[in-house]
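So you can see what is in the structure, the chains are spelled out below.
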Amino acid sequence: MSQRPDLRQRRAVLEHEWSRWVPRLSVAGARPGGSAALRHEVTESWARSLSSVDPGRDSAPVTDGGPVHQRWTSSPLYRPVSDLAGELRSIAEDAGFVTAVTDESGTILWTCGGPTMRRRAERVNFAPGGRWDEQAMGTNALSLALRTGRPSSVFSAEHLVSALHGWVCYCAPVHGPDGRVLGVLDLSTTWDRSHPLAMSTVRTLVSTIEARLTTEQPRSGQVRLTCLGTEQAALDGRPLPLRPRQVEILTLLALEPGGFSPERLRAALYGDRPVTASTFKAEISHLRRALGGGISPRRYALTIPVSCDAADVLRALEQGDTDTALRLYGGPLLPRSEAPGVEEWRTRLEVAVREAVLASTRPEHALRYGERAPYDAEIHEHALHLLGPDDTRRAIARGRLITARRD
């Protein structure tokens, strides 16, 4: 059996690969400063990575967990990063960078940047759901920062994967108040845009995020929104004094964690009605104060956890749990609301629950839903179809069907 080459042999191979790239990068040298030697930490990372990563791969693998939106909104980094989202976008767009935030495993949860750089980044799956840990994507700044717990940069051909040789990445780990690494903040761009201030910018941003994490640690408030068949909001079990319009806003934000642009949220609330910008902003401001600042500026999104019965129903349906969805479905979404966005979500929820019932092979689902839909003949027919000939519940379903057809 042949033995794997030792570290000295691997280093020689890597130095050779590196030297092939140096003339193509810049007149001054491969890395800013003119050094063409591979750093020890890079060599070590390459040696570890070669057993699991093909240097010729074209993009990062997708996480096994599927879409990461839910992981992002429940991440401890969600609120502090959302609060800084405007600043992060400005930095990325002005300097031609892509900004990314990962979780502690190296999976990207959130990115921002100009359209050109984001398209380039997406080609290598430097996007939400992409895995950038060392085992998945080899030597890169994110994997080094996670492994060492220190700020890191990787320039051009220092990356193990050749598809990344046109990039330079600067990042730093984000530590929680207890010292645990929660993820990484990264600024990446093409190697020819490398900038000596990029790393200090990353450090400053991470320090700001960590300070916000420390400030938020003593906060407890748990917001519960009940919007199916009724409209109630509570903070730590105590009613929140919200006007109907503010409950509508809270409901829309809870159902769309990705948030709204001001124009889209205004249209979802008022449609074509002539409502002044000051009236709209006043409603947002009142809700933000009631939530202790839990709405991000510019792009409106929740920055605090809000449990919502409508969101719980959708989650149950996505998991194929019709029983839980029916138990939680208390009726139409905000039944008194005429806001276009709420009406749209009301219809989507009603259709989703009804279709799940019609797809179910359990007669109790059709019977339970039939209590809230007395005039839905198809539901009652479905119940009768599922009930056995000797099931006493057939009388209930038959009576509902007769009533529905008569009316």
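Remarks on the side chain of Glu-158
Along the polypeptide, Glu-158 turns up in the loop between β3 (152-155) and β4 (167-175). With a relative accessible area of 0%, Glu-158 lands in the buried category. Engagement of the side chain of Glu-158 in a polar contact is seen with the backbone nitrogen of Phe-155, the distance being 2.8 Å.

A word on the pattern of salt bridges
Pairing between side chains of opposite charge can happen when the charged atoms of each approach one another. Applying the stated criterion across every chain yields a total of 22 salt bridges. Of the charged contacts, one joins Asp-312 and Arg-224 as a salt bridge, the two residues approaching to 3.2 Å between their closest N and O atoms. Here Asp-312, found in helix α13 (residues 309-318), pairs with Arg-224, found in strand β6 (residues 223-226); they are 88 residues apart in sequence, far enough to count as distant. Under the relative-accessibility criterion, Arg-224 is labelled partly exposed at 31%. One salt bridge in this structure joins Asp-391 and Arg-393, with 2.9 Å as the shortest N-O distance. Accessibility expressed as a relative area gives 31% for Arg-393, which makes it partly exposed. One connected set of salt bridges, linked through shared partners, spans Asp-323, Arg-362, Glu-364 and Arg-368.

Examining the nonpolar core
Counting 57 residues, the largest nonpolar core has Leu-225, Leu-250, Leu-265, Leu-291 and Leu-333 as its most contacted members. If one sorts the elements of this core by residue count, helix α10 (residues 244-255) sits on top with seven residues. For Leu-333, the contacting residues outside a window of four places in its chain are Cys-227, Leu-228, Thr-251, Leu-255, Ala-310, Val-342, Trp-345, Arg-346 and Leu-349. Counting 30 residues, the second-largest nonpolar core is a separate cluster that includes Ala-172, Leu-187, Met-199 and Leu-213.

Looking at the confidence of the model for the chain
Summarising the model, the chain shows a mean pLDDT of 88, and 89% of its residues fall at 70 or more. Predicted confidence for residues 1-5 stays below pLDDT 50, and this span has three contacts to residues more than four positions away or in other chains. Taken together, the stretch residues 21-30 has pLDDT below 50 and engages in 15 contacts with residues farther than four places along the chain or on a different chain.

Comments concerning the sheet that holds β3
Read from one edge to the other, the open sheet built from five strands follows the order β2-β1-β5-β4-β3, with strand pairing classed as antiparallel. In this open sheet, the two edge strands, each paired with only one partner strand, are β2 (108-113) and β3. Neighbour-to-neighbour, the strand axes of the sheet open up by a mean angle of 15°, direction not taken into account. Running over the sheet, helix α6 (residues 115-123) touches β1 (98-102), β2, β4 and β5 (181-190) and is turned about 145° from β2. Docked against the sheet, helix α8 (residues 141-148) engages β1, β3, β4 and β5, running at close to 155° with respect to β5.

Remarks on the packing of helix α15 (residues 340-359) against helix α16 (residues 363-372)
Put simply, α15 and α16 touch, their axes get as near as 9 Å, and they point 145° apart. Contacts between α15 and α16 involve Glu-350, Val-353, Arg-354 and Val-357 on the former and, on the latter, His-365, Ala-366 and Tyr-369.

Some points on the pairing of β1
Where burial is concerned, most of β1 is hidden: five out of the five residues are buried. Across the two faces of β1 the burial is the same, with Val-98, Ala-100 and Thr-102 and Thr-99 and Val-101 all buried. In this structure, β1 lies alongside β2, joined through five bridges in antiparallel fashion. Bridging across to β2, Thr-99 finds its partner in Cys-112. Between the end of β1 and the start of β2, which pair antiparallel, lie five residues, with Gly-106 showing a positive phi angle near 95°. Note that β1 and β5 share four bridges and pair antiparallel. Looking at the pairing, Thr-99 lines up with Leu-187 of β5.

Thoughts on the packing of α15 against helix α17 (residues 377-386)
At their nearest, the axes of α15 and α17 sit 10 Å apart, and the two run at 25° to each other. Considering their axes alone, α15 and α17 lie roughly parallel with respect to each other. Relative to α17, the crossing made by α15 is left-handed. Contacts between α15 and α17 involve Arg-354, Val-357 and Leu-358 from the former and Glu-378, Ile-379 and His-382 from the latter. Tallied by class, the residues present in the contact of α15 with α17 amount to three nonpolar, one polar and two charged.

Things to note about α8
Listed as buried for α8 are Ala-141, Leu-142, Ser-143, Leu-144 and Ala-145. Residues of α8 that are buried in the fold lie against α2 (40-49), β1, α7 (134-137), β3, β4 and β5. The backbone nitrogen of Leu-142 has a side-chain oxygen 3.0 Å away, supplied by the residue at the start of α8, namely Asn-140. Of the residues one or two after α8, Gly-149 is the one with positive phi, at around 75°.

Some remarks on the pairing of β3
Both faces of β3 are covered, namely the face carrying Ser-152 and Val-154 and the face carrying Ser-153 and Phe-155. For β3 and β4, the ladder comprises four bridges, and the chain directions are antiparallel. Looking at β4, one finds that Phe-155 is bridged to Val-168.

Conventions used here
- Residues numbered from 1 in each chain as written.
- Predicted model: local features only at pLDDT ≥ 70, side-chain atom pairs only at ≥ 80, totals over all residues.
- Heavy atoms only, no water.
- Helix = DSSP H or I, 4+ residues; strand = E, 2+ residues; numbered from the N terminus.
- Buried < 20%, exposed > 50% of the residue type's maximum accessible area, 1.4 Å probe, protein only.
- Polar contact = N/O pair within 3.5 Å; in protein donor to acceptor, adjacent residues only side chain to side chain.
- Salt bridge = Lys/Arg side-chain N within 4 Å of Asp/Glu carboxyl O.
- Core = buried A, V, L, I, M, F, W, Y, C linked by side-chain atoms within 4.5 Å.
- Contact = heavy atoms within 4.5 Å.
- pLDDT = per-residue confidence, 0-100.
- Pairing = 2+ DSSP bridges.
- Axes fitted to C-alpha atoms, helices over the stretch in contact; angles between N-to-C directions.
- Parallel < 35°, antiparallel > 145°, perpendicular 65-115°, else oblique.
- Left-handed = near helix turned anticlockwise from the far one by under 90°.
- Nonpolar A, V, L, I, M, F, W, Y, C, P; charged D, E, K, R; others polar.

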